[in-house]
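# Tertiary structure, described
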Amino acid sequence: MQIPNPAVGRSAQPPLDRPMFLGSEVYRNSTYGKKHPLSIPRVSTAIDLSRAMGWLPDSSYLDSPIATPDQLARFHEPDYVAAVMRAEAEQRVDADTMARFNLGKLENPVFPEMFRRPATASGASILAADMVLGGGIVYSPAGGTHHGRPGRASGFCYFNDPVLGILRLLDRGLDRIYYVDLDAHHGDGVQDAFHADERVFTLSIHEGARWPHTGKLDDRAGGMARNLPMPSGFNDTELRFLMEQAVLPLGELFRPQAIVVQCGADALADDPLSRLELSNRALWQAVAELAALAPRALVLGGGGYNPWSVGRCWAGVWATLNGIDPDVPPNAEAEAILRSITWNRREGRNPPERWFTTIADDPHEGQIREEVREIAAAVMSP
């Protein structure tokens, strides 16, 4: 890794006086379809829990704008953007569109808000980049769609809002951005977008034997990336070890002007789409430490396919960013929100009581396995 030009992007914008939360009601009744993993409420649950717990006053909340086609074309091919808009309007795709843009398949289906929903998440990341120019923290749990490609959908991601947010920061004059991806799946779309750009350093902690089967330990993308593929059963103790031995030291070496954190909740033990075993406490601690690395922080959501674990986790991320300890029982209003959730998967038919009566998971401590130690040492080597 080479340290880029130390010149700092300058802005007359004053720093934010408190963290800001970007959300939208578009997520409340929008699903990818009844059988899709994203049939569940996620962002709306995080918003509702944060409000119920008294963590989200109106003064800290802003509605996300919808990114314009021109804004999306900063990274995505105009023909692809037009195809997503057309598919939403017509609620269908033809065979050529399906094949060319990977739209209309089980992975990336046609649904009523298939343009508006990802364009809103992208608008939030672009706005967040503008908001933090003078310093501060912006949280957008709808963001983190890290698989999107310039000309096709991938992995439930139609547009790549982390890339769009990072590009906005670069366009506004910053030249050292640290992107850290805590999702169970490798942040392939973000790494590939900046593989040749010395202004952006990407790091991904993910399950090693998981789709998209990229992000191998030796993949450094020309020197500006580190990948930490974890074995199944990855636990809180091991994440803390990686933070102390690799993630934070690499960030300190890079001296970022801004950090972008993707905190997908699918690495949690209760998620059905990974074999990792983190508690939400471990994710909260990691986000807090990362946000303190730079004067500007964009904190995004990502994966997460258990509605209770995602909602509780992302509400807790917001509390953590505000210096509030989320390790408290939900009040009556928050518990009612949790009890109102339904989930059509087998795991949701008889949910454990703790999904209703706690916000913080029990810690998932364990041994630091030799494989994890070796990975930490390898990513710190020249």
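Here, residues in each chain are numbered from 1, in the same order as that chain's written sequence. In view of the model being predicted, local features appear only for residues whose pLDDT reaches at least 70, and side-chain atom pairs are presented and counted only at 80 or more, with totals across whole chains, interfaces and linings using the full set of residues. Water and hydrogen atoms were dropped before computing side-chain values, which therefore reflect all heavy atoms in the structure.

### Topic: the overall build of the protein
Per the convention used, a helix needs a DSSP run of H or I reaching at least four residues, while a strand needs a run of E reaching at least two, with both numbered from the N terminus. Helix and strand content of the protein: 13 helices and eight strands. Only C-alpha atoms enter the radius of gyration, while the globule expectation follows 2.2 Å times N to the 0.38, with N the number of residues. Since a compact globule built from 382 residues should have a radius of gyration of about 21 Å, the 19 Å found for the protein is in line with a globular shape. Referenced to the eigenvectors of the C-alpha coordinate spread, the extents of the protein come out at roughly 50 × 50 × 45 Å. Whether a residue is buried, partly exposed or exposed follows from its accessible area with a 1.4 Å probe, protein chains only, as a fraction of its type maximum: under 20%, in between, or over 50%, in that order. Buried positions account for 60% of the 382 residues belonging to the protein.

### Concerning helix H1 (residues 43-52)
Counting buried positions along H1 gives eight out of ten residues, so the element sits mostly inside the fold. Those residues of H1 that fall on the buried side of the exposure criterion are Val43, Ser44, Thr45, Ala46, Ile47, Leu49, Ser50 and Ala52. Contact definition: two residues touch when any of their heavy atoms are within 4.5 Å. Contacts made by the buried residues of H1 are with strand S1 (20-23), strand S2 (61-63), helix H10 (307-321) and helix H11 (332-339). Positive phi shows up at Gly54, right after H1, with a value of about 80°.

### Concerning unusual backbone geometry
Here the residue pair Trp211 and Pro212 is connected by a cis peptide bond, since its omega of 10° sits within 30 degrees of zero. Locating Pro212 in the fold gives a position in the loop between strand S5 (200-207) and strand S6 (225-230). A positive phi angle, close to 55°, is found at Gln91, a residue other than glycine. In this fold, Gln91 is placed in the loop between helix H3 (78-90) and helix H4 (95-101).

### Thoughts on the state of the cysteines
Any two cysteine sulfur atoms within 2.5 Å of one another count as a disulfide. One pass over the structure, following the stated rule, counts zero disulfides. The cysteine Cys157 is free of any disulfide, with Cys263 supplying the nearest cysteine sulfur at 14 Å. Between Cys263, a cysteine without a disulfide, and Cys313, which holds the nearest cysteine sulfur, the sulfur-to-sulfur distance is 6.4 Å. Take Cys263: its relative accessible area is 0%, and that puts it in the buried class.

### Let's talk about the side chain of Asp188
For Asp188, the location among the structural elements is in helix H7 (residues 188-193). A relative accessible area of 5% means that Asp188 is categorised as buried. Ignoring any residue separated from it by four or fewer positions in sequence, one finds Asp188 in contact with His146, His147, Arg149, Pro212 and Thr214.

### Notes on helix H5 (residues 116-131)
For H5, with 16 residues, the first-to-last C-alpha span of 22 Å sits near the 22 Å given by 1.5 Å per residue. Counted residue by residue, H5 has 14 buried out of 16 residues, so it is predominantly covered. One fewer than the residue count of a helix, multiplied by 1.5 Å, yields its expected span.

### With respect to the pairing of strand S8 (residues 296-300)
With respect to burial, S8 is a largely interior element, five of its five residues being buried. Of the two faces of S8, the one holding Arg296, Leu298 and Leu300 and the one holding Ala297 and Val299 are both buried throughout. Two strands qualify as a pair provided that DSSP identifies no fewer than 2 bridges between them. Two elements, strand S3 (residues 136-140) and S8, share five bridges in a ladder whose sense is parallel. Within the sheet, the bridge partner assigned to Gly136 lies in S8 and is Arg296. Note: strand S7 (residues 258-262) against S8, four bridges, orientation parallel. Its bridge partner being in S8, Val260 is matched across the sheet by Leu298. Crossovers are marked right-handed if the path from the first strand over the helix to the second runs clockwise, as seen with the strands pointing away from the viewer. Of the crossover connections in this fold, the one passing from S7 over helix H9 (residues 280-291) to the parallel S8 is right-handed.

### Digging into the packing of aromatic side chains
Side-chain rings of Phe, Tyr and Trp (the six-membered ring for Trp) are treated as a pair once their centres are within 6.5 Å; stacked means planes under 30 degrees apart, edge-to-face means over 60, and tilted covers the remaining angles. In this structure the tally under the stated criterion is 16 aromatic pairs. One aromatic cluster is present, built from ring pairs that chain together Phe21, Tyr61, Tyr139 and Trp318. The ring of Tyr61 carries Arg51 above its face, with NZ or CZ at 4.6 Å from the centroid. One Lys or Arg, Arg373, reaches over the ring of Phe241 and ends 5.2 Å from the middle of that ring. Geometrically, a lysine NZ or arginine CZ counts as sitting over a ring once it is within 6 Å of the ring centre and also within 35 degrees of the ring normal.

### Description of the confidence of the model for the protein
Confidence scores labelled pLDDT are given residue by residue by the predictor and lie between 0 and 100. Summary statistics for the protein give a mean pLDDT of 96 and a share of 97% for residues scoring 70 or more. Note on residues 2-9: pLDDT is under 50 here. Beyond four places in sequence and across chains, it has 25 contacts.

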